[in-house]
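So the chains spell out like this:
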Amino acid sequence: MGFFFNGEDLDKKQHINLSESAWCVIEQDIKNFYLDEKAESKSGFLNTVIANFYELAEASISLRCKNKEEELRRLLSGDNKGSDMDESLSRVVSSICKAYMDELINKTYSYPKGHGEKFRINQGNVNLLRDDVHEEKYYDDNVGQYLKALYEEYCLLQTFERERVFFKKNFDEINKAISEQKKLKITIKQKHNPIANTTYNRKFYVTPYKIVQDTTKSYNYLVGLAEEILPDNTLTEKKISSFRISRIDKVMVCTTMSGRLSQEKKDCIEKELREKTPQFMAGDLIDVKIRFTKKGYENYNRLLYLRPNNYTKVDGEDLTYVFHCTEMQCMSYFLKFVRDAEILEPLYLRNKFKDRYKNALEVYETE
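Residues numbered from 1 in each chain as written. Predicted model: local features only at pLDDT ≥ 70, side-chain atom pairs only at ≥ 80, totals over all residues. Heavy atoms only, no water.

As a further point, take the sheet that holds strand E5 (residues 220-229). Read from one edge of the open sheet, five strands run E6-E5-E4-E3-E7, paired in antiparallel fashion. The open sheet has two free edges, formed respectively by strand E6 (239-244) and strand E7 (248-258), since each of these has just one partner strand. Each strand of the sheet is rotated relative to its neighbour by a mean of 45°, with strand direction disregarded. Relative to the sheet, helix H8 (residues 168-180) contacts strand E3 (182-189), strand E4 (201-213), E5 and E7, its axis offset from that of E7 by approximately 20°. (Pairing = 2+ DSSP bridges. Helix = DSSP H or I, 4+ residues; strand = E, 2+ residues; numbered from the N terminus. Axes fitted to C-alpha atoms, helices over the stretch in contact; angles between N-to-C directions. Contact = heavy atoms within 4.5 Å.)

Okay, the nonpolar core next. Of all hydrophobic cores here, the largest spans 60 residues; its most connected members are Phe45, Tyr146, Leu147, Tyr151, Leu184, Ile186 and Ile248. Among the elements that make up this core, the one with the highest residue count is helix H6 (residues 143-155) (eight residues). Leaving out residues up to four positions away in the same chain, Phe45 has contacts with Ile26, Asp29, Ile30, Phe33, Tyr34, Tyr154 and Phe166. Counting residues in hydrophobic clusters, the runner-up holds 20 residues, among them Phe292, Leu306, Leu335 and Phe353. (Core = buried A, V, L, I, M, F, W, Y, C linked by side-chain atoms within 4.5 Å. Buried < 20%, exposed > 50% of the residue type's maximum accessible area, 1.4 Å probe, protein only.)

Bringing the packing of aromatic side chains into the picture now. Scanning the entire structure with this criterion turns up 31 aromatic pairs. Look at Phe119 and Tyr151: their rings are 6.3 Å apart centre to centre, the planes differ by 75°, and that puts the pair in the edge-to-face class. You can see Phe119 sitting in strand E2 (residues 115-119) and its partner Tyr151 sitting in helix H6, a full 32 residues away along the chain. Each member of the pair, Phe119 as well as Tyr151, carries the same accessibility label: buried. Ring pairs connect the aromatic residues Phe292, Tyr297, Tyr300, Tyr311, Tyr321, Phe323, Tyr333, Phe334 and Phe337, which therefore count as one cluster. Above the face of the Phe160 ring, Lys217 is positioned so that its terminal group lies 5.6 Å from the ring centre. (Phe/Tyr/Trp six-rings, centres within 6.5 Å; stacked < 30°, edge-to-face > 60°. Lys NZ or Arg CZ within 6 Å of the ring centre and 35° of its normal.)

Of all seven residues in strand E10 (residues 320-326), seven are buried, a share of seventy percent or more. Looking at chain direction, strand E8 (residues 285-292) and E10 are connected through seven bridges and run antiparallel. Pairing of Ile290 across the sheet is with Tyr321, part of E10. Strand direction decides the pairing type here: strand E9 (residues 311-313) and E10, joined by three bridges, are antiparallel. Bridged to Tyr311 within E10 is Phe323. Linking E9 back to E10 in an antiparallel pair, the connection comprises six residues, with Gly316 at a positive phi of about 80°.

Most of E5 sits inside the fold, with 10 of its 10 residues counted as buried. Two strands pair when backbone bridges link them, and E4 and E5 are joined in this way by 10 bridges, in the antiparallel orientation. Within the sheet, the bridge partner assigned to Phe204 lies in E5 and is Glu228. Adjacent in sequence and paired antiparallel, E4 and E5 are bridged by six residues, among which Lys217 carries a positive phi angle near 55°. Here E5 pairs with E6 via six bridges, running antiparallel. Opposite Tyr221, over in E6, you have Arg244 as the bridge partner.

All right, on to helix H2 (residues 42-53) then. Its 12 residues place the ends of H2 16 Å apart at the C-alpha level, agreeing with the 16 Å of an ideal helix rising 1.5 Å per residue. Three or more residues of H2 are buried, namely Phe45, Leu46, Asn47, Val49, Ile50, Asn52 and Phe53. Its side-chain oxygen at 2.8 Å from the backbone nitrogen of Gly44, Ser41 defines the N-terminal cap of H2. (Expected span 1.5 Å × (residues − 1). Polar contact = N/O pair within 3.5 Å; in protein donor to acceptor, adjacent residues only side chain to side chain.)

Before going further, it helps to examine the confidence of the model for the protein. Per-residue pLDDT for the protein averages 91, and the proportion of residues at 70 or more is 93%. Across the protein, element-level confidence peaks in H6 with a mean pLDDT of 97 and bottoms out in helix H3 (residues 61-77) with 90. (pLDDT = per-residue confidence, 0-100.)

With that settled, the discussion passes to unusual backbone geometry. At the junction of Glu345 and Pro346, the peptide bond is cis and its omega measures out at -5° in the coordinates. With respect to the helices, strands and loops of the structure, Pro346 is situated in the loop between strand E11 (341-345) and helix H12 (347-365). For Gln181, which is not glycine, the phi torsion reads 55° and is therefore positive. Looking at the element boundaries, Gln181 is found in the loop between H8 and E3. Positive phi, normally seen in glycine, also occurs at Val338, with a value near 55°. Inspection of the secondary structure puts Val338 in the loop between helix H11 (327-334) and E11.

Shown next as structure tokens:
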């Protein structure tokens, strides 16, 4: 048994009441995870979370308790099957599982109310909730209450964990390729250009190394050796690259193409990860000389996201440092400092900053 749906319910939207903070996270993720505004869909998003998260969520109390009991029986019986166990140990297991179940029940009913909205559950998830999700006894056969617990739990995860849920199929394909040492073919969808009404897709063959998070654990990145597939089907030179997984449109394991990496290559990738961080694997490291104001230096110590950390102090010059980073990282991080971080060298990069600020000023000076 699962949750009850009658024939009429299949054609109706499902009502859910979520906390204001949960709705805020959902709106944010829809913007972050859909590149094309035309593809954005709240119902589509909520349906994806159901399909990808129900097996992992603590909201699935029956499933969690079953897994907990199996795990305890394996540990206490000393074998892999968790088979025979004496009566006293069985009582211990039952007691622990009962306390665990009570904890999960209390958690699922602790989420605050906010406001309600309706969305349409797709047929696949109707079948799933009716036939495979056996949680109805914990929620008085109220599918809306179960989904509230599921979504509230999802929204409390860190961004990189929510990304793993929403893009579960891509993660599964990437991990399969890594474990089987196979090459991947991926498609990166660039943001939609509303003026030209075009979306440019880039394709790559990737020899995958591993999935890592950025320094603030905001997003997941696929790291490996990549060669771009050009429009004429020629390949660029292989280079160490990273791809944010929420920007990958399609992933395919190339079962006939080896994805083995030598230890030497792995060491090279690790070195670049330390020097560049996952977000900025593209581009060469350069030395950027920067002079801070007092306020700028305080902001550098306070603002951690995208921050370049590899630097040396210039002797004899107050608040002047040479950062060893890529050009992209320098521009991504220091442009927001405006007058409080002056680019001194290299000259071409100083001019890029000057042109950016000049162009921005022109916008405000235009009548």
